[in-house]
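In case you want the letters, here they are:
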Amino acid sequence: MATEISNGRQTVKLYRSVNRGKAMYQLAYYFGGRRVQKNFADKSEAKRVANRIVGELTHDAKTVEAMATPELESLVAARKVLAPSYALHVAVEEHAQAVARLGKMTLREAVDFFLRHHRVDVARLPLSEIAEQFAKSREQAGLSEHYIFLCRKFTRQLAEAFPGSCLSDLTTPALDKWLGGLKLGATTKNDMRRVLGTCGNWAEKQGHLLKGASPFPGMVRYKETKSAVSIFTPENIASLLKKADGTLRPYLALGAFAGLRTAELQRLDWSEIDLDRGFITVAASKAKTRQRRLVPISKNLKLWLKPLRRASGPVCLHACPQHAARTLCAGFSWAKNGLRHSFISYRLAILHDTARVALEAGNSPEVIFGHYRELVTPQAAKKWFAVKP
């Protein structure tokens, strides 16, 4: 039988029981929707606490009654989002303590950070292993050897800069400090940033990073200074072609008179060069823009390729043809991307048709117009395409 201790508004029940021959007293009441029990060995102490609790419950009830409508609505909404067994006052107390300890960081930011670094379902591979797996994925995708080399180089540099770390340990500020401190040009730093960003996207798909957790997209972009386009003269290309052997000559001729990129040349097969019809097919899978295009074969290019033609097989037999060609320069310097720049410049001087040259080169008309207009004269262009064996 319970004894009720009440003030007419709130009630606390007092129960008596015997445990191992000793009397025990238990208070029971409801607070925050949950049943609360307190045990006492002394009856007078139990009654004293019961009276205090009745007073506190009455005060809390009056406080609720005095609440304005928005406060009551907020209270109801809070109860709805909490788990049924989770008391509202406990949730508020834990939240207040967490916010006080976090300082400027929000609780949501802290939770996101914790999940990025402590999720058991995200594989925590060291950066050295990530670098190798990423490079192998680029190989399987059939990308150029040069691009794969850069992927492996840049990701290994990242692993060396952050030894013992995983991708989820990296932060954008730390990456900016590292990359910004390297003694490299803006173009190289932006190239590294792009490769690392691609690595981050790959890692998300592979489950090595949570979606949207990659630190690379927010890295600083460095301002690049545009340099003047460097091209070869007709005399330069004639000298190079004359000195080159049969393994390097196709690379030089196709770059100079068809404007193919080095990566496209390294993927090109002889079966894709139709000398009879006069076209080179650059497949979408081998083009930088991932769009198939037909490149016309000029009369002088046909003469250079005809003695070397094969039914099939790789056209470019050098892993780094630029290096091989650089050794043949005498009295002039090797220009980076100079073969393609020369083709576009001389071709535009002959056709005076930006859209057509852009289509042949696999580029945008805006780039062609902005970089190659009025670089050479029509007379020089005629000499360029008149270079023959």
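Scroll up a little and you will see the structure.
Residues numbered from 1 in each chain as written. Predicted model: local features only at pLDDT ≥ 70, side-chain atom pairs only at ≥ 80, totals over all residues. Heavy atoms only, no water.

Visitor: Any chance you could explain the overall build of the protein chain here in plain terms?
Guide: A tally of regular secondary structure across the protein chain gives 17 helices and 7 strands. Here the protein chain holds 389 residues, and 38% of them are scored as buried. In the protein chain, of all internal contacts separated by at least 6 residues, the share reaching a separation of at least 24 is 60%. A total accessible area of about 23100 Å² is found for the protein chain, and carbon and sulfur atoms account for 54% of it. (Helix = DSSP H or I, 4+ residues; strand = E, 2+ residues; numbered from the N terminus. Buried < 20%, exposed > 50% of the residue type's maximum accessible area, 1.4 Å probe, protein only. Contact = heavy atoms within 4.5 Å. Areas by Shrake-Rupley, 256 points an atom, 1.4 Å probe, with all protein chains shown as cover.)

Visitor: Would you explain the packing of helix H9 (residues 234-243) against helix H10 (residues 249-257) in this entry?
Guide: Packed helices, taken two at a time, are described by the angle their axes make and the gap between the axes. Here H9 crosses H10 at 160 degrees, and the two axes come no closer than 9 Å. Comparing their axes, H10 and H9 come out roughly antiparallel. For the pair H9 and H10, the sense of crossing is left-handed. The segment H9 lies against H10, with Ile-237, Leu-240, Leu-241 and Lys-242 engaging Arg-249, Leu-252, Ala-253, Ala-256 and Phe-257. Considered class by class, the residues forming the contact of H9 with H10 number 7 nonpolar, no polar and 2 charged. (Axes fitted to C-alpha atoms, helices over the stretch in contact; angles between N-to-C directions. Parallel < 35°, antiparallel > 145°, perpendicular 65-115°, else oblique. Left-handed = near helix turned anticlockwise from the far one by under 90°. Nonpolar A, V, L, I, M, F, W, Y, C, P; charged D, E, K, R; others polar.)

Visitor: Is there a simple way to think about the environment of Lys-47 in this case?
Guide: Here Lys-47 lies in helix H1 (residues 43-65). Accessibility expressed as a relative area gives 37% for Lys-47, which makes it partly exposed. Each C-alpha atom of the pair Lys-47 and Ile-5 lies 7.9 Å from the other, and the pair is 42 residues apart in sequence. Ignoring anything within four residues of it in the chain, the contact list for Lys-47 reads Ile-5 and Leu-14.

Visitor: I'm lost on the pairing of strand E1 (residues 3-6) in this one. Help?
Guide: Every regular strand shows the same layout, with side chains that alternate between the two sheet faces. Across 4 bridges, E1 lies against strand E2 (residues 11-19) in antiparallel orientation. Within E2, the residue paired with Ser-6 across the bridge is Thr-11. Here E1 hands over to E2 after 4 residues, with Gly-8 in that stretch at a positive phi of 95 degrees. (Pairing = 2+ DSSP bridges.)

Visitor: What should I look at first to understand the packing of helix H5 (residues 127-140) against helix H6 (residues 145-161) in this one?
Guide: Packing of H5 against H6 leaves a shortest axis separation of 8 Å and a crossing angle of 170 degrees. Relative to H6, the element H5 lies roughly antiparallel. Two secondary-structure elements touch here, H5 through Leu-127, Ser-128, Ala-131, Glu-132, Phe-134, Ala-135, Lys-136, Arg-138 and Glu-139 and H6 through Tyr-147, Ile-148, Cys-151, Arg-152, Thr-155, Arg-156, Leu-158 and Ala-159. Residues belonging to the contact of H5 with H6 are distributed by class as follows: 9 nonpolar, 2 polar and 6 charged.

Visitor: Can you walk me through the sheet that holds strand E3 (residues 22-31) in this structure?
Guide: Sheets are built from strands paired through backbone hydrogen bonds, the pairs being either parallel or antiparallel. Read from one edge to the other, the open sheet built from 4 strands follows the order E1-E2-E3-E4, with strand pairing classed as antiparallel. Bordering the open sheet on either side are E1 and strand E4 (34-40), each of which pairs with just one other strand. Along the sheet, successive strands turn relative to each other by an average axial angle of 25 degrees, direction set aside.

Visitor: What should I look at first to understand the packing of aromatic side chains in this one?
Guide: Each aromatic ring pair is specified by the distance between its two centres and by the angle formed by the two planes. Taken as a whole and assessed by the stated rule, the structure comprises 8 aromatic pairs. Their ring planes at 55 degrees and their centres at 5.8 Å tell us that Phe-134 and Trp-202 sit as a pair that is tilted. Note that Phe-134 is positioned in helix H5 and Trp-202 in helix H8 (residues 186-206), a separation of 68 residues in sequence. Residue class for Phe-134 comes out buried when judged on its relative accessible area of 0%. The interplanar angle of 80 degrees and the centroid separation of 6.2 Å between the aromatic rings of Phe-232 and Phe-332 together place this pair among those described as edge-to-face. A residue pair is termed long-range when its members are at least 10 positions apart, and Phe-232 in the loop between H8 and H9 and Phe-332 in the loop between helix H13 (321-326) and helix H14 (338-351) qualify at 100 residues. Assigned by exposure class, Phe-232 and Phe-332 land together as buried. (Phe/Tyr/Trp six-rings, centres within 6.5 Å; stacked < 30°, edge-to-face > 60°.)

Visitor: What exactly am I supposed to notice about the pattern of salt bridges here?
Guide: Side chains that carry opposite charge are capable of pairing whenever their charged atoms lie near each other. Applying the stated criterion to the full structure yields 11 salt bridges. Glu-264 is the salt-bridge partner of Arg-261, the closest N and O atoms lying 2.9 Å from each other. Here the two residues Arg-261 and Glu-264 agree in accessibility, since each one is buried. For the salt bridge of Asp-274 with Arg-277, the shortest nitrogen-to-oxygen distance reads 3.8 Å. Arg-277 gets classed as exposed once you look at its relative accessible area, which sits at 58%. Ionic contacts of the salt-bridge type, sharing partners, join the residues Glu-132, Glu-139, Arg-152 and Arg-156 into one network. (Salt bridge = Lys/Arg side-chain N within 4 Å of Asp/Glu carboxyl O.)

Visitor: Any chance you could explain the nonpolar core here in plain terms?
Guide: Buried together is how nonpolar side chains tend to be arranged in soluble globular proteins. Ranked by size, the top nonpolar core spans 51 residues in total, and within it Leu-252, Leu-254, Phe-257, Ile-273 and Ile-280 carry the most contacts. Every element with two or more residues in this core is listed here: H9, H10, strand E6 (279-282), helix H12 (299-305), H13, H14, helix H15 (354-361) and helix H17 (378-384). Leave out the neighbours within four places in its chain, and Leu-252 touches Ile-237, Leu-240, Leu-241, Ala-244, Ala-325, Trp-334 and Leu-339. One finds Met-192, Cys-199, Trp-202 and Phe-216 within the second-largest nonpolar core, a separate group that totals 24 residues. (Core = buried A, V, L, I, M, F, W, Y, C linked by side-chain atoms within 4.5 Å.)

Visitor: I keep staring at a nonpolar patch on the surface and nothing clicks. Help me out?
Guide: Judged by side-chain polarity, Val-99, Leu-107 and Val-111 come together as a nonpolar surface patch covering roughly 200 Å² of accessible area. Within the secondary structure, Val-111 sits in helix H4 (residues 107-118). A relative accessible area of 41% places Val-111 in the partly exposed class. (Patch = residues over 30% accessible without salt bridge, like charges linked within 9 Å, V, L, I, M, F, W, Y side chains within 5 Å.)

Visitor: I'm lost on the environment of Asn-51 in this one. Help?
Guide: Mapped onto the elements, Asn-51 comes out in helix H1. The exposure class assigned to Asn-51 is partly exposed, which follows from its relative accessible area of 49%. With 45 residues separating them along the chain, Asn-51 and Ser-6 place their C-alpha atoms 7.9 Å apart.

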